[in-house]
Amino acid sequence: MPQTDKQICIPPELPELLKQFTKAAIRTQPQDLIQWAADYFGAMSRGEIPPVRERSERVALSNWAELTPELLKILHSRVAGRLIIHADELAQMWKVLSLPTDLFNSVMNVGHFTEEIEWLKFLALACSSLGVTIAKTLKIVCEVLSSDHDDGPPRIPFSTFQFLYTYIAEVDGEISASHVSRMLNYIEQEVIGPDGLIKVNDFIQNPRVRLE
């Protein structure tokens, strides 16, 4: 066996790096540890958030066989306010939450997404897989996007609601653009208050608001 006098230099930060990696592996409990380790260190080298489950994400996670609003809210928090996200990064986030790959591919196909994904559009289509109606879909989206932590109804900026409703109706293909415009004009003029926010009750319980 060849001998060498060259010493191997161990970076001083290596022990702490391995310690954090071990903690992350225990928290995440990946099915494929080798692939997850490659994804973890790859994200670290690129300065990205590694695929690690937070404490709130681990509650009964193994029992979630389907997409839920709670999981979408976790996913939204991981996107961290970005409007555009790369498909590979989002796919990894989806995988970490143990969500079904076929559903991810379906949303990608319906939205005609490529490498760069508009997050709100992806989220809207993901929510539509849970909502039977457009109103139900928008209710779920509001619940996911709302940052209110009190006991009041979820609410989001009307401009965001306008964007989401217009997009979902366009993908649905059965709602005329004129109907969408009438509903949005009515909501903006008769429902929205000075704060510019729309609450779930504003379009769920208002008999004059017919989104479909």
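The present account deals with the structure reproduced in this document. (Residues numbered from 1 in each chain as written. Predicted model: local features only at pLDDT ≥ 70, side-chain atom pairs only at ≥ 80, totals over all residues. Heavy atoms only, no water.)

## Observations regarding the packing of helix H6 (residues 119-128) against helix H8 (residues 158-172)
Phase 1 of the analysis: Two elements in contact, H6 and H8, have axes whose closest approach is 10 Å; the angle formed by their N-to-C orientations is 60°. On the basis of the axis angle, H6 is oblique to H8. For H6 against H8, the interelement crossing comes out right-handed. Residues Leu120, Lys121, Ala124 and Leu125 of H6 touch H8, and the partners they reach there are Thr160, Phe163, Leu164, Tyr167, Ile168 and Val171.
Phase 2 of the analysis: For the contact of H6 with H8, the class distribution of residues is 8 nonpolar, 1 polar and 1 charged. (Axes fitted to C-alpha atoms, helices over the stretch in contact; angles between N-to-C directions. Helix = DSSP H or I, 4+ residues; strand = E, 2+ residues; numbered from the N terminus. Parallel < 35°, antiparallel > 145°, perpendicular 65-115°, else oblique. Left-handed = near helix turned anticlockwise from the far one by under 90°. Contact = heavy atoms within 4.5 Å. Nonpolar A, V, L, I, M, F, W, Y, C, P; charged D, E, K, R; others polar.)

## Concerning a nonpolar patch on the surface
Phase 1 of the analysis: On the surface, Ile10, Leu14, Leu17, Leu18, Phe41 and Met44 cluster together to form a nonpolar patch covering roughly 490 Å² of accessible area.
Phase 2 of the analysis: At the level of secondary structure, the elements contributing two or more residues to the nonpolar patch comprise helix H1 (14-28) and helix H2 (33-45).
Phase 3 of the analysis: Mapped onto the elements of the fold, Leu17 is located in helix H1.
Phase 4 of the analysis: The exposure class assigned to Leu17 is partly exposed, which follows from its relative accessible area of 31%. (Patch = residues over 30% accessible without salt bridge, like charges linked within 9 Å, V, L, I, M, F, W, Y side chains within 5 Å. Areas by Shrake-Rupley, 256 points an atom, 1.4 Å probe, with all protein chains shown as cover. Salt bridge = Lys/Arg side-chain N within 4 Å of Asp/Glu carboxyl O. Buried < 20%, exposed > 50% of the residue type's maximum accessible area, 1.4 Å probe, protein only.)

## Overview of the environment of Tyr167
Phase 1 of the analysis: Note that Tyr167 resides in helix H8.
Phase 2 of the analysis: In this structure the C-alpha to C-alpha distance between Tyr167 and Ala124, which are 43 residues apart in sequence, comes to 8.3 Å.
Phase 3 of the analysis: Those residues in contact with Tyr167 that sit more than four places away from it in its chain are Gly111, Phe113, Lys121, Ala124 and Leu125.

## Overview of helix H9 (residues 177-191)
Phase 1 of the analysis: Look at H9: 20 Å from first C-alpha to last across 15 residues, which is about the 21 Å you get at 1.5 Å a residue.
Phase 2 of the analysis: Residues His179, Val180, Met183, Leu184, Tyr186 and Ile187 constitute the buried set of H9. The buried residues of H9 all sit within an arc of 160° when viewed along its axis, so they share a single face. H9 presents Ala177 and Gln189 as exposed residues on the side facing more than 90 degrees away from its buried surface. (Expected span 1.5 Å × (residues − 1). Arc of directions from axis to C-beta.)

## Considerations on helix H5 (residues 101-110)
Because each turn of an α-helix spans 3.6 residues, side chains separated by three or four positions end up pointing in the same direction.
Phase 1 of the analysis: Of the residues making up H5, those classed as buried are Leu103, Phe104, Val107 and Met108. Buried residues along H5 cover an arc of 140° about the axis, so they all sit on one side. Turned more than 90 degrees away from the buried face of H5, the exposed residues are Thr101, Asp102 and Asn109.
Phase 2 of the analysis: Residues of H5 that are buried sit in contact with helix H4 (87-96), strand S2 (116-118) and H6.
Phase 3 of the analysis: Once H5 finishes, His112 follows within two positions and takes phi at roughly 55°, a positive value.

## A short note on the packing of aromatic side chains
Phase 1 of the analysis: All chains considered together, the criterion is met by 10 aromatic pairs.
Phase 2 of the analysis: Ring geometry for Phe161 against Phe203: centres 5.0 Å apart, planes inclined by 40°, an arrangement best described as tilted. Taken together, the residues Phe161 in helix H8 and Phe203 in helix H10 (residues 200-204) connect sequence positions 42 residues apart.
Phase 3 of the analysis: Of the residues examined, Phe161 reaches a relative accessible area of 0% and is grouped as buried.
Phase 4 of the analysis: Taken together through their ring pairs, the aromatic side chains of Trp94, Phe104, Phe113, Trp119 and Phe122 make up a single cluster. (Phe/Tyr/Trp six-rings, centres within 6.5 Å; stacked < 30°, edge-to-face > 60°.)

All quantities given are derived from atomic positions and should not be read as evidence of function.
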